[in-house]
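Residue strings, one per chain:
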Amino acid sequence: MTSGHCTAMGPRAGALVSLGLAFLVSLTAHCSHPQAEGATQGGLDVSRANLWASANTSLLQGFWCQLASQLSRDQLAALIRRMETQHVLLGAWQLSCLANLAAQQGLQGDFELHPTNLLLFYDLTQVREADCQAFVRRAAQGNTGLLANLPDQRATLRHRALACLGGPRLSLSTSDLLLLGVLVCDMDASSITAADPHVLQNLQRCPQLMATQQAALNRLLASGRTRLGPPGSWNLEGLQALGPLATYISPSLWMQVQEAMGLDFFGSIVATCWAGQLSQRDTKRFGTGFLEVKAKLVPSRPKRDTGQPFIRGDITAAMLHDDLFLVRYDCVQLESCLGSLVLRANLDPLLQHPLPAQCQQVVKAKLAQVYPGGVPEEQLQLIPSLAYLYSRAEIGQWHITSKDTVVALLAPDGALENNTEAILQKFLDHNGTITSALLLAIGGSHLCWMSPRQIQAIRPLEFCLARALDITSCPQSRKNVLCDKAREAFGSARTAHAYYSFTHPHLGGTPVEELRHLAQATVSVDIDTFTNLNPRVLQSLSVGNVTTLLGQNVGDLQKAHSHPTISSWLCSLNQSALGELGLDTDPTGPTGLTHSTTGTPNTTPWTPHLVPTSDWPWSTDPSSGSPPAHLGYLPLAVALLSGLLWLLYWSTPGPSWNHSQGICPMASKDSAAPAPLAGKPGLVGGAGCLPRPRCMPHAQGTWPRPTS
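Residues numbered from 1 in each chain as written. Predicted model: local features only at pLDDT ≥ 70, side-chain atom pairs only at ≥ 80, totals over all residues. Heavy atoms only, no water.

A. How the structure looks around helix 36 (residues 543-550). All of the buried residues in helix 36 are Val543, Val546, Thr548, Leu549 and Leu550. Elements that come into contact with the buried residues of helix 36 comprise helix 33 (512-520), helix 34 (527-530), helix 35 (535-538), helix 37 (564-571) and helix 38 (575-581). Of the residues one or two after helix 36, Gly551 is the one with positive phi, at around 60°. (Buried < 20%, exposed > 50% of the residue type's maximum accessible area, 1.4 Å probe, protein only. Helix = DSSP H or I, 4+ residues; strand = E, 2+ residues; numbered from the N terminus. Contact = heavy atoms within 4.5 Å.)

What follows is the structure, given as structure tokens:
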């Protein structure tokens, strides 16, 4: 936090930061000693929560709905506007509940002042007809990937956008495309092909194109209707202006491009990757397609006894630094002309090229000849792009002593996920430890592939400090183990609300009894977390349980009713139960929704159904349970940005969570009845905070314009 930020925050916010720094020390001590007594109980009254309106970006990223729900309308409006001016990036679990709070306070009408990502979660039925185009234009600037667990909201947003244009059209004009923005990424192939060529600018914002969309892109480029003109007239500047879309150009189109121009662009792509401005995945996709049809670009050389074309002389270090190396040498020539000494000394530049799979196999075989006892550790850090080729037995020959080696091998373009256990085990066998820094570096998806024994070996402190991990893609068996580990790390949180804020990423393994306890404690679970619950456990929850568990977020069922986890649960309900939820009897139908036609938003605060507190799994009696503990295990890595918010809320001392019971014990075999989706993980989430490989951009941005 810079001094400039402190000055901008003003004296009241500055005092909050000072308290936060002191609180950081107490949090560290508490995380290190779960049963510590006498934790600092300082804090600010919730009435001063309007400090958020002057908070900086780091503080706002720790936003939590439980506290925000106690803000006045003006305070909440100021908070949302502050998030927009500070460009605060929130997760789906934060945005979904914030959207509901804004709707309750009638703030949706101020959407022009709200973050674009927040608009994606708003109730679209409440958008006025007069505001339709302005709303869609702004929402279409957001990240629709945040709606991964809300498929119906995403579909409704697309239909609403087309309705604003007067309904589906045979061809989208330039003005239509300016309105639709990133929503074009969800359009079908025929719409892309028929659209104005300006559609290329929309498609550049898509994280990835489906196969049918790739085919539509190539048909559009082949038509010659774009600024590039027909393929035979393409130039370097025009190709570079396509950005990552150029990596989808088909081999048949490259055959029509002038040879010299194709070579220039190939060299620029390799240079762009070497500069870390293009992912290895995109570079390899381009290289494979280009090399498939451009093998004849370089005239055949005199042949060796093998009968294969041969470029005079063995491959040298200088040749490996040539952007056109792969055009000059194919995989057969690579095997014949690459010597052991050059390979040893130049493995890194060699692997920076977008090697086709066949060439990767050649390099792996040569490494086995050079290092028959296993690749040495200093070279292991250079081969993440080859790691997926190695078997568990071959990994068993490696010596891994550094966490940097683990991080390199488990990079996004590195080892297969099912090799995670073997790689980590080699590290552990050499006295390595799984720290919070390592967990954050490799990301939550690799937790899914660690063995239960490895997960149990993680110290609670380290798990505590690395709580912000996405494990939604884990199989159910791993979610159960991780939930048990979360109980061990966070079980001393003194209230259900505190416990939920710490463990919501790990609740996918929670048994039905504990979900009922959370419901009774009036914890409003966000829809993103709800969709990642165990589908089998969810079958045992009644409509009342789910309504109370979701609390003020219950309306979000309409936005996610076709999500596999929710759809399976809805299919188990009778017509009367579906009516209570405002859903059709056929949740898998084309709409599955019944909306009010009054056009008036429901601003009535949600009222929970309370039960006797003696049935809760945490203690509320000061005379029983563990001694007071301040906020459970707040991760040190995010303590300053989210711990300050907790200071605003947890200002009154209270007894700690009953650690002997916890909220996440392992579910027994008979804790839930079988269900259609039993044991399945549901919709796959994000990949977590993985370290980027050397040919990976550090952030989404403007496509680079390298020179040939």
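From this point, the discussion proceeds with the structure in view.
B. Seen up close, the nonpolar core. The biggest cluster of nonpolar side chains holds 182 residues, and the ones touching the most others in it are Val363, Ile383, Trp398 and Phe530. No other element matches the seven residues that helix 5 (residues 92-104) contributes to this core. Beyond its immediate stretch of four places on either side in the chain, Val363 contacts Leu334, Leu343, Leu347, Leu350, Leu351, Leu355 and Leu386. (Core = buried A, V, L, I, M, F, W, Y, C linked by side-chain atoms within 4.5 Å.)

C. Looking closely at the packing of aromatic side chains. Under the counting rule described, the total for this entry stands at 13 aromatic pairs. Where Phe265 meets Phe286, the ring centres are 5.6 Å apart and the plane angle is 85°; that geometry is what we call edge-to-face. Of the two residues, Phe265 is situated in helix 15 (residues 259-274) and Phe286 in helix 16 (residues 280-293); the sequence distance between them amounts to 21 residues. One exposure class covers both Phe265 and Phe286, and it is buried. Sitting over the ring of Tyr390, Lys364 keeps its end group 5.0 Å from the ring centre. (Phe/Tyr/Trp six-rings, centres within 6.5 Å; stacked < 30°, edge-to-face > 60°. Lys NZ or Arg CZ within 6 Å of the ring centre and 35° of its normal.)

D. Focus on the packing of helix 4 (residues 73-85) against helix 5. As a packed pair, helix 4 and helix 5 sit with axes 11 Å apart at the nearest point and diverge in direction by 135°. Taken together, the axes of helix 4 and helix 5 lie oblique to each other. Read as a crossing pair, helix 4 and helix 5 show a hand that is left-handed. In this structure, helix 4 uses Leu76, Ile80 and Met83 to contact helix 5, whose residues at the interface are Leu98, Leu101 and Ala102. (Axes fitted to C-alpha atoms, helices over the stretch in contact; angles between N-to-C directions. Parallel < 35°, antiparallel > 145°, perpendicular 65-115°, else oblique. Left-handed = near helix turned anticlockwise from the far one by under 90°.)

E. The arrangement of the environment of Phe111 in detail. You can see Phe111 is positioned in the loop between helix 5 and helix 6 (116-119). Taking the C-alpha atoms as reference points, Phe111 and Asp131, separated by 20 residues in sequence, lie 9.6 Å from one another.

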